[in-house]
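Coordinate analysis (summary)
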Amino acid sequence: MSLLVVGLSHRSAPVSVLERATLSADAQIKLLQDTVAAEPAGEAAVLATCNRIELYADVDKFHAGVAELSTLLAQHSGVGLEELTPYLYVHYEDRAVHHLFSVACGLDSMVVGEGQILGQIKDSLATTQELHTAGRLLNDLFQQALRVGKRAHSETGIDRAGQSLVSFGLEQLAVGTPVDTWARGKKALVIGAGSMSSLAAATLARAGVAEIVIANRTIDRAERLAQILTEGDDTHVLARAVPMDSVPVELTRADVAVSCTGATGLVLAAETIAAAMDGRGVVAQPGVYEPPPRFGSGAAPGGTHARSLAGEENCPLDLAAVQPGFSVMGEAAVAGMDAATLEQHATWVDNGTVDHREAVRRTEVDAELITALAATAATAGRIPERRRPEPVPSVWRPEPVLFLLDLAMPRDIDAAVHRLAGVRLVDIESLAEASADAPMAADVDQVRRIVSDEVEAFGAALRAAHITPTVVALRTMAADVVANEIARLEGRLPGLDDKHRAEITQTVRRVVDKLLHAPTVRVKQLAAEPGGAGYADALRTLFDLDQETVASVSRAEDSTSKKDRGSA
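Predicted, not measured: the structure shown is a model, and the values here were computed from it.

Taken as a whole, the second largest pocket spans an internal volume of roughly 1400 Å³. If you go around the second largest pocket, you meet 45 residues; those closest to its centre are Leu23, Ala25, Gln28, Thr261 and Gly262. Looking at the lining of the second largest pocket, the elements with two or more residues in it are helix 1 (15-20), helix 2 (25-37), strand 2 (41-49), helix 6 (116-131), helix 10 (195-207) and strand 6 (211-216). For the lining of the second largest pocket, the class distribution of residues is 20 nonpolar, 19 polar and six charged.

Okay, the packing of aromatic side chains next. Applying the stated criterion across every chain yields a total of four aromatic pairs. Ring centres of Phe101 and Phe458 lie 6.0 Å apart, and the angle between their planes is 80°; this geometry places the pair in the edge-to-face category. Placement of Phe101 in helix 5 (residues 94-104) and of Phe458 in helix 18 (residues 443-492) is noted, with a sequence separation of 357 residues between them. Assigned by exposure class, Phe101 and Phe458 land together as buried.

Our focus in this paragraph is the environment of Ala215. With respect to the element layout, Ala215 can be found in strand 6. Overall, Ala215 belongs to the buried group, its relative accessible area being 0%. Between the C-alpha atoms of Ala215 and Ala193, which are 22 residues apart in sequence, the distance is 7.5 Å. Once residues lying within four places of it in the same chain are set aside, the contact partners of Ala215 are Leu189, Val190, Ile191, Gly192, Val242, Pro243, Met244 and Val247.

Attention now moves to empty space enclosed by the protein. Summed over all chains, the structure comprises three cavities of 30 Å³ or more. The computed volume of the largest cavity comes to approximately 120 Å³. Cys50, Asn51, Ser109, Glu114 and Gln120 are, among the 13 residues lining the largest cavity, the residues nearest its centre. Per element, the largest residue contribution to the lining of the largest cavity is three residues, and it comes from helix 6. Its residues assigned to classes, the lining of the largest cavity shows six nonpolar, five polar and two charged. If you add up the space inside the second largest cavity, you get close to 40 Å³. As for the second largest cavity, its lining consists of Lys187, Ala188, Leu189, Glu211, Val213, Glu250, Arg253 and Ala254.

With that settled, the discussion passes to helix 6. For helix 6, with 16 residues, the first-to-last C-alpha span of 23 Å sits near the 22 Å given by 1.5 Å per residue. What helix 6 keeps buried is the set Gln116, Ile117, Leu118, Ile121, Ser124, Leu125 and Thr128. In this structure, the buried side of helix 6 is in contact with helix 2, strand 2, helix 5, helix 7 (136-155) and helix 10. One or two positions beyond helix 6, positive phi appears at His132, with a value near 60°.

For the rest of this paragraph, the subject is the sheet that holds strand 4 (residues 89-92). Strand pairing within a sheet occurs via backbone hydrogen bonds; the two strands may be parallel or antiparallel. Read across the sheet, four strands follow the order 2-3-1-4 without closing on themselves; strand pairing throughout is antiparallel. Unpaired on one side and paired on the other, strand 2 and strand 4 mark the two borders of the sheet. In this sheet, adjacent strand axes meet at a mean angle of 15° when their direction is disregarded. This element, helix 3 (residues 62-77), spans strand 1 (2-9), strand 3 (52-59) and strand 4 of the sheet and lies at about 35° to strand 1.

Let us now look at the pairing of strand 8 (residues 256-259). On strand 8, burial covers both faces: Val256 and Val258 on one face and Ala257 and Ser259 on the other are all buried. Here strand 5 (residues 187-191) pairs with strand 8 via four bridges, running parallel. Bridged to Leu189 within strand 8 is Ala257. In this structure, strand 8 lies alongside strand 9 (residues 402-406), joined through four bridges in parallel fashion. In the strand pairing of strand 9, Val256 is matched with Phe403.

Here we come to helix 20 (residues 534-542). Every buried residue of helix 20 is accounted for by Ala536, Leu539 and Arg540. Buried residues of helix 20, viewed axially, fall in a sector of 95°; they line one side. Seen from the buried face of helix 20, the exposed residues on the opposite side, beyond 90 degrees, are Thr541 and Leu542. Positive phi appears at Asp544, one or two residues downstream of helix 20, with a value of about 55°.

A few words now on the packing of helix 5 against helix 18. At a minimum axis separation of 9 Å, helix 5 and helix 18 run at an interaxial angle of 135°. The angle between the axes of helix 5 and helix 18 places the two elements in the oblique class. Crossing of helix 5 over helix 18 shows right-handed handedness. Contacts between helix 5 and helix 18 pair Asp94, Val97, His98, Phe101 and Ser102 from the former with Val451, Ser452, Glu454, Val455, Phe458 and Arg463 from the latter. The residue makeup of the contact of helix 5 with helix 18, split by class, is five nonpolar, three polar and three charged.

Here we take up the nonpolar core. Residues Leu8, Leu165, Trp182, Ile212, Ile214, Leu229 and Leu407 are the most contacted members of the largest nonpolar core, which totals 68 residues. Broken down by element, the residue count for this core peaks at seven residues, all from helix 10. Ranked by size, the runner-up nonpolar core spans 33 residues in total, among them Val5, Tyr56, Ala145 and Phe458.

This paragraph deals with the sheet that holds strand 10 (residues 423-426). Reading across from one edge, 7-6-5-8-9-10 is the order of the six strands in this open sheet, with parallel pairing throughout. Either end of the sheet is taken by a strand with one partner, and the two such strands are strand 7 (238-243) and strand 10. Strand-to-strand twist across the sheet, computed as the mean angle between neighbouring axes with direction ignored, equals 15°. Where helix 8 (residues 165-174) meets the sheet, its contacts fall on strand 8, strand 9 and strand 10, and the angle it forms with strand 9 comes to roughly 150°. Where helix 11 (residues 219-231) meets the sheet, it contacts strand 6 and strand 7, and its direction lies at approximately 175° from that of strand 7.

What follows covers the pattern of salt bridges. Evaluation of the coordinates by the stated rule reveals 19 salt bridges. Between Glu429 and Arg411 there is a salt bridge; the shortest N-O distance is 3.5 Å. Note that Glu429 is positioned in helix 17 (residues 428-436) and Arg411 in the loop between strand 9 and strand 10, a separation of 18 residues in sequence. Using a relative accessible area of 35% as the deciding quantity, one classes Glu429 as partly exposed. For Arg411, a relative accessible area of 15% translates into the label buried. Salt-bridge contacts for Arg448 lead to Asp445; the nearest nitrogen and oxygen are separated by 3.4 Å. Taken together, the residues Arg448 and Asp445, both in helix 18 and three residues apart, mark about one turn of the helix. One network of salt bridges, with partners in common, ties together Arg11, Arg52, Glu54 and Asp108.

What counts as what
Residues numbered from 1 in each chain as written. Predicted model: local features only at pLDDT ≥ 70, side-chain atom pairs only at ≥ 80, totals over all residues. Heavy atoms only, no water. 1 Å grid on protein atoms, 1.4 Å probe; cavity = no way out; pocket = protein on both sides within 12 Å on 5 of 7 lines; lining within 4 Å. Points joined across faces, edges and corners; volume = space filled by probe spheres on them. Helix = DSSP H or I, 4+ residues; strand = E, 2+ residues; numbered from the N terminus. Nonpolar A, V, L, I, M, F, W, Y, C, P; charged D, E, K, R; others polar. Phe/Tyr/Trp six-rings, centres within 6.5 Å; stacked < 30°, edge-to-face > 60°. Buried < 20%, exposed > 50% of the residue type's maximum accessible area, 1.4 Å probe, protein only. Contact = heavy atoms within 4.5 Å. Expected span 1.5 Å × (residues − 1). Pairing = 2+ DSSP bridges. Axes fitted to C-alpha atoms, helices over the stretch in contact; angles between N-to-C directions. Arc of directions from axis to C-beta. Parallel < 35°, antiparallel > 145°, perpendicular 65-115°, else oblique. Left-handed = near helix turned anticlockwise from the far one by under 90°. Core = buried A, V, L, I, M, F, W, Y, C linked by side-chain atoms within 4.5 Å. Salt bridge = Lys/Arg side-chain N within 4 Å of Asp/Glu carboxyl O.

This is the structure we're talking about:
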């Protein structure tokens, strides 16, 4: 049997695919059960986080295993196999071990060095043990991965290379301001009461927010989390629980909202956020920003007085045709209108007048100029540059008063919220872009060396363990030979007293042990080296060991291992 992992993550697939391929808790259980029921796999484990889905299995055939695991992932994720395949990665044997150890250390995380992945690996192991889908290989692998991850965090400064996804997301919201300074005194809304939401709530509490409201579909879980925050030793914050239908109202009060639920659809639509902004009552926070004026109701950006065109006479634009929600001063309102009308409008805004016939004549002149330029380009090979292009002014946006952090996969918050004025949204996709260029600490190289050493040690232990049943079977056979020979001796010497019988028995056993000691120790050493798997076969052949005897030893060891896990 051999270790195989098939999966996809933020490194191999776009967020849009990861959103659709998310596995619910029930889907993960069904996937595990179907995997161990499949022919190529004997053990199975699923590692599913907000930015990765990986299926681990102990398989007896590589190609058949890859095909089966890929098909099962497609079936249970709901994404077609043809669409999913380009984003899947496959790791086998030592590469699979190396991958999981790197994941456990945070080297493969969206935020390098984050430690939350260790808890997710622990949860995955607990699930496989509860469902009895993890045998000796995956149980040892995941337990060792946890040890390697803890070693990396304790022996290096990998924690300095990155933070948890929550901390990193809050840093992106704060935009250069220390999170503690940015969060102090704010009112926070946390949607969801799972592990990620709980981490977000605790992080916000430690950062100094004044109030945290927990919204969850199961109000009991929200109340428990609120109680933990209120009574916690490291958090002293006003916290309360509300049902999910209170979220729109709470958004009108909140300064920052974090959402991470298991919902398959959007939890917060753009319309909900827009309505919350309209319902906040106060559109400007003193010292934070001056809001953009609504056209016709005061000073426009830049200090000029804006007039309402709805009641003006002689305006050249057909105001009834302008789409609602846009200023007639904006580009979107005048898109598609002819140049002469636009020029008339511009002159009219500047309190001037323009003759429509003159505008038509200038349009004809422009057409002649364009024809002349085309002729020049045909002969000279380029259009003569009259002047440098004017710089394009950036679109003015107000400072945000509502900060949104979406840590769910699939996303909880409509991506269209990015376009709403006064709102800043950070989601998994923007976190992936921000973390791509994040500097990595020098300690990352040390962690990589730890991972390489641990992979080599795990492989050696695995290969040595592979030959152990053969060695045990050899010693069992030798013990049977000694017992048979002592019994035959007693038949030949019926008057042998107990003292002499015990002495003879002990002597024969010592001779056999000494003869087998050096070969069995050496064969374990050789088997632990790369390519040492063949020594078990050689031992069975040399001593004519029964294959079923060796297999029975393996089954007995597996049974003992399961009992030990059950009592732990």
